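Report on the structure
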Amino acid sequence: MTTVTGESELRAPGLLGQPIDSREDPQLLRGEAVYVADIDLPGTAHLAILGSEVAHAKILGIDTKAARQMPGVLKVATAADFTDLMPLPCIWIPGGVESHFPPHPYGLPGARPVLTGDAVRHVGDPIAVVVAETERQAVAALAAISVEYEPLPVVTRADHALADDAPQLHEAVPGNLNAYWTCGDQERTDAAIADAEVTVELDLVNQRTINSPIEPRGAIGTYDRATGEYTLYSSTQGPHNHRFLLSALVLGIPFNKLRVIAPTVGGSFGTKGYLYPDMALVLVLAKALGRPVKWVDTRTGLMNSTVQGRDHRQHVTLAGTRDGRITAVRCTSYANLGAYPSTIGPGVATALMGRSITGMYAIDAAFCEVYAAFTNTVPLGAQRGSGRAEAAFLMERLVDRYAGEIGMDPAAVRRRNLVPADRFPYDNGLGWTYDSGSYRENFDRALELSGYADMPARKAEARTRGKRLGVGLATYVAICGVGPSTRMSQEGMLGGTWESANIRVHPTGEVSVTVGSASTGQSHGTVFAQVAADELGIDVDTVNVYEGDTLKAPYGQGTYGSRSYSMAAPAVALTARKLKRKLVRAGAVFLGIPEDRAVYANGKVFEAGNEENAKTFAELAMSMWYGWGLPADIEPALDETTHFDPPDFNYPFGSHVAVVEVDELTGETEVVAYTAVDDAGNIGNPKVVLGQIEGSIVHGLGQALMEAAEYDDQGLLVTADLRDYALPRAADVPFFALDKTCTPSPHNPLGAKGAGEIATVPPAAAVVNAVVDALADLGVRHIDMPLTPEKVWRRLRGEGAEQ
């Protein structure tokens, strides 16, 4: 609840911070939620997309004659049929450096054609489409399309792609180098390393992984011949952004002729914030056929076409003193962008990783250089914790190696180097200025909660059972709350990153909150209702939240980068405060008192010192609807909008502790305990955040132990379904010990920081540190992820190279 007297405000305990049950959950649990696949419009035809079976080749010819004659087939098309469509654009380029992209007619960075007609550059590259009466008929007709290829050499690693003899993917990108990007002070860092008492080095592989939301992507396009209007139903994180990009930069149609609707979205983890060929295809084919066209991906299709994550090969160096002070860190990274730049992939691979490598530590000198290269693999994009997870992994592995080199406890090294609380805001020397934090308090709580001091005894006990127990620590800072717009433009973002909200009060006193953000499972309908109800002092059940439809919502940027609660929720709160200020002015008129005597609190306006002279929120809503007796300078009705652009990012942080047991006979690694203490500032709904934290940890454990997108020498993805690509199950994870600290961010009115993906950032480092600790007496100092039982078993027996 917020109390307002004129312009002053005081916050008292209210709905925010309360663990209210998610109002979205019942329909999800009962199977009543409507996903793209559930939408069946009258007369719908079905689209199937033919992806390349080879990773790199010239297309010599495509024979579609047999496919056209298949039962139910309505249309077969290739790139030659879509010459009026522009390529998909890339809107996040590496900021401040020269970069190279496939061309776009508007002079923007191009990404990929909707269909490729000259050459294929990864397995799954879309070549042709079939539209038929049924999905089964469309898929069957794909098999009748014959493609003649002239095979070309294949490259799947970023470092190999930059070799002089590497195959060339794009004529406009010499040597396959998208950009050479740097941050920090190279001269100072190299000098600190040269002068250091101790240096440690590692070669790290942060392996490519596959985003696996429960719902693959889908799209439905419609076209109204009478109005010339298109509608796209899509499982998208950013309906407003996609409306602009598709209309202006791909289809070349008026912006106001395209409506984008995101129904229920079954998870994303970053994958659904991108433009994909299917979005444009269903729209143009709907116009051509005069009926709705629908496409729903398969799991194997998702793995061969939806953006993948991580994929850095790094050489990293840490320098320090013998008594545990870190003096410098340096990273050289080869980032694999895949065959084409995805919508924002180059920015993910550069700024989000490079500027984050110092983590929670106060380090005098730091430098990062990234070679972003194209290869014959699926395009790279965001994956939960993208960039920040790779940065935390390299830093936390280095800290453990450094601690071992100087014979100091890893916890003591970390604690010595944490940024002190009195140094905030803190410039990390790489481009981020951390807003607030109490890092030592957070770290000490994680050690205490995990029982870190008892680990020697637990290790001895485990050995009696044929197990090797190890403990791993990892800390992190995660840049979140993507905005402000001007700052993001400096990082190469070709667009704004503000967020918006509208609140409309109906004559009955009920409230509609409409936001530009779009949920992919974060309970927006619950949390944003809490924000509005808390600010207005009304019953949360009278507030409904609307999002995901560009016809109904104000323009917004979408859901990504853990930004919804720290960007859209402040927009809701600020809009509610606009309404309260108007209600104070109008309430004074209705009550017949001077404005400076009118007070808004607990959902009503009343006279200061005389609460009996009052009007409730519902009464005020009706009075404003009628508008009787209002002076000329007060407009009737209650309808306000805010566009929120913060002064800077926000920086959640945390400390995680993993305890593993490694079976000496089988090499199997079991995570037997996991402790996480995270700080996301002021939290709106702890129950919602708890779910996000737990899911994020499991995501990170998956990368550490089992997940890897494996390509063979010919560029074939050999982990193209869930039989070959392992995901963590309930039996693979322990119950978590979770806690939090709270240091509010000064960069938004709620003091919020991002939460949705932050706990994905440290688990891989924590688990690898724990396994290395378990095998340390055998001389094991590093194992590349994923830590499969076979890989660990071989290290137990002295096999495998050491660093």
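Residues numbered from 1 in each chain as written. Predicted model: local features only at pLDDT ≥ 70, side-chain atom pairs only at ≥ 80, totals over all residues. Heavy atoms only, no water.

1. Section: helix α5 (residues 186-195)
- Within the sequence span of α5, burial applies to T189, A192 and I193. Along the axis of α5, the buried residues cluster in a sector spanning 100°; they form a single face. Residues of α5 that are exposed and angled more than 90 degrees away from the buried face: E187, A194 and D195.
- Between the side-chain oxygen at the start of α5 and the backbone nitrogen of E187 there is a gap of 3.3 Å, and the oxygen is on D185. (Buried < 20%, exposed > 50% of the residue type's maximum accessible area, 1.4 Å probe, protein only. Helix = DSSP H or I, 4+ residues; strand = E, 2+ residues; numbered from the N terminus. Arc of directions from axis to C-beta. Polar contact = N/O pair within 3.5 Å; in protein donor to acceptor, adjacent residues only side chain to side chain.)

2. Quick notes on the state of the cysteines
- Inspection of every chain in the model, using the stated rule, returns 0 disulfides.
- Among the cysteines around C183, which has no disulfide bond, C368 carries the closest sulfur, lying 5.1 Å off. (Disulfide = S-S within 2.5 Å.)

3. A look at the confidence of the model for the chain
- On average, residues of the chain score 95 in pLDDT, and 98% of them are at 70 or above.
- Here residues 1-12 scores under 50 on pLDDT; set against residues more than four positions off or in separate chains, the count is 39 contacts. (pLDDT = per-residue confidence, 0-100. Contact = heavy atoms within 4.5 Å.)

4. Some details on the packing of helix α12 (residues 410-417) against helix α13 (residues 439-450)
- It is the contact of α12 with α13, at a shortest axis distance of 10 Å, that shows an interaxial angle of 165°. By the angle between their directions, the pair α12 and α13 is classed as roughly antiparallel. Every pair of crossing elements has a handedness; the one defined by α12 and α13 is left-handed. Here α12 contributes A411, R414, R415 and R416 to the contact with α13, which in turn contributes R440, F443, D444 and L447. (Axes fitted to C-alpha atoms, helices over the stretch in contact; angles between N-to-C directions. Parallel < 35°, antiparallel > 145°, perpendicular 65-115°, else oblique. Left-handed = near helix turned anticlockwise from the far one by under 90°.)

5. A closer look at the sheet that holds strand β10 (residues 146-151)
- Read from one edge of the open sheet, 3 strands run β8-β4-β10, paired in antiparallel fashion. The two strands at the open ends of the sheet, each matched to only one other strand, are β8 (119-120) and β10.
- Pairing between strand β4 (residues 57-63) and β10: 6 bridges, direction antiparallel. Opposite K58, over in β10, you have E150 as the bridge partner. (Pairing = 2+ DSSP bridges.)

6. Brief notes about a nonpolar patch on the surface
- Judged by side-chain polarity, M622, W625, Y626 and W628 come together as a nonpolar surface patch covering roughly 520 Å² of accessible area.
- Along the chain, Y626 turns up in helix α18 (residues 617-626). (Patch = residues over 30% accessible without salt bridge, like charges linked within 9 Å, V, L, I, M, F, W, Y side chains within 5 Å. Areas by Shrake-Rupley, 256 points an atom, 1.4 Å probe, with all protein chains shown as cover. Salt bridge = Lys/Arg side-chain N within 4 Å of Asp/Glu carboxyl O.)

7. Digging into the sheet that holds strand β32 (residues 736-740)
- A sheet is described by the order of its strands in space; here 4 strands give the open sequence β22-β30-β31-β32, paired in mixed fashion. Each of the sheet's edge strands pairs with one partner strand only, and the pair in question is β22 (467-477) and β32. In this sheet, neighbouring strand axes are inclined to one another by 10° on average, regardless of whether the strands run parallel or antiparallel.
- Alignment of strand β31 (residues 669-679) against β32, held across 5 bridges, turns out to be parallel. Looking across to β32, one finds that A676 is bridged to L738.
- Packing of helix α14 (residues 455-463) onto the sheet brings it into contact with β22, β30 (653-663) and β31, and relative to β22 it is tilted by some 145°.

8. With respect to the packing of aromatic side chains
- A full pass over the atoms with the stated rule returns 14 aromatic pairs.
- For the pair Y334 and Y371, a centre-to-centre distance of 5.0 Å together with 10° between the ring planes defines the contact as stacked. Here Y334, found in strand β18 (residues 326-336), pairs with Y371, found in strand β19 (residues 365-373); they are 37 residues apart in sequence, far enough to count as distant.
- By relative accessible area, Y334 is classed as partly exposed at 27%. (Phe/Tyr/Trp six-rings, centres within 6.5 Å; stacked < 30°, edge-to-face > 60°.)

9. Some words on the pattern of salt bridges
- The final tally for this structure, using the stated rule, is 44 salt bridges.
- Salt-bridge contacts for R468 lead to D777; the nearest nitrogen and oxygen are separated by 2.6 Å. With a gap of 309 residues between them, R468 in strand β22 and D777 in the loop between α20 (763-774) and α21 (789-796) connect regions that are remote in the sequence.
- R468 sits in the buried class, given a relative accessible area of 6%.
- Given the relative accessible area of 54%, D777 is considered exposed.
- For the salt bridge of E607 with R597, the shortest nitrogen-to-oxygen distance reads 3.9 Å.

10. Brief notes about empty space enclosed by the protein
- For the coordinates displayed, the defined rule picks out 3 cavities of 30 Å³ or more.
- In this structure, the largest cavity occupies an estimated 100 Å³ of space.
- L88, R112, L275, Y276 and S342 are, among the 14 residues lining the largest cavity, the residues nearest its centre.
- Where the lining of the largest cavity is concerned, the elements lending two or more residues are β6 (88-89) and β7 (110-112).
- Residues that form the lining of the largest cavity fall into these classes: 10 nonpolar, 3 polar and 1 charged.
- In this structure, the second largest cavity occupies an estimated 50 Å³ of space.
- Looking at the second largest cavity, the residues that line it are R310, Q383, A389, F393, H699, G700, Q703, T760, V761 and A764.
- When residues of the lining of the second largest cavity are traced back to their parent elements, those giving at least two are α11 (388-406) and α19 (686-705).
- Counting residues per element, the lining of the second largest cavity draws most heavily on α19, which supplies 3 residues.
- Classifying every residue of the lining of the second largest cavity by side-chain character gives 4 nonpolar, 5 polar and 1 charged. (1 Å grid on protein atoms, 1.4 Å probe; cavity = no way out; pocket = protein on both sides within 12 Å on 5 of 7 lines; lining within 4 Å. Points joined across faces, edges and corners; volume = space filled by probe spheres on them. Nonpolar A, V, L, I, M, F, W, Y, C, P; charged D, E, K, R; others polar.)

11. With respect to unusual backbone geometry
- In this chain, F424 is followed by P425 through a cis amide linkage whose omega measures -5°.
- Relative to the helices and strands, P425 resides in the loop between α12 and β20 (426-427).
- The backbone of D311 sits at a positive phi, close to 65°, despite the residue not being glycine.
- Here D311 lies in strand β17 (residues 308-320).

12. A word on helix α7 (residues 277-289)
- Helix length check: α7 (13 residues) gives 18 Å between terminal C-alpha atoms against 18 Å at 1.5 Å per residue, within 8%.
- Counting buried residues in α7 gives 10 out of 13 residues, a clear majority hidden from the surface.
- Within α7 the residues assigned to the buried category are P277, D278, M279, A280, L281, V282, L283, V284, L285 and A286.
- Positive phi appears at G290, one or two residues downstream of α7, with a value of about 70°. (Expected span 1.5 Å × (residues − 1).)

13. With respect to the side chain of D297
- By secondary structure assignment, the location of D297 is in the loop between β16 (293-296) and α8 (299-305).
- Within the structure, the side chain of D297 is placed 3.1 Å from the backbone nitrogen of L302, a separation counted as a polar contact.
- Sequence-distant contacts of D297, that is, excluding residues within four places in its chain, are made with P216, R217, L302, S305 and T306.

14. Details of the packing of helix α6 (residues 239-251) against α7
- Direction vectors running N to C along α6 and α7 enclose 65°, while the axes themselves pass 11 Å from each other. Relative to α7, the element α6 lies roughly perpendicular. Considering only the axes of α6 and α7, their crossing is right-handed. Only M279, A280, L283 and V284 of α7 make contact with α6, whose side of the interface consists of H242, L246, V250 and L251.
- Here the residues of the contact of α6 with α7 are counted per class, giving 7 nonpolar, 1 polar and no charged.

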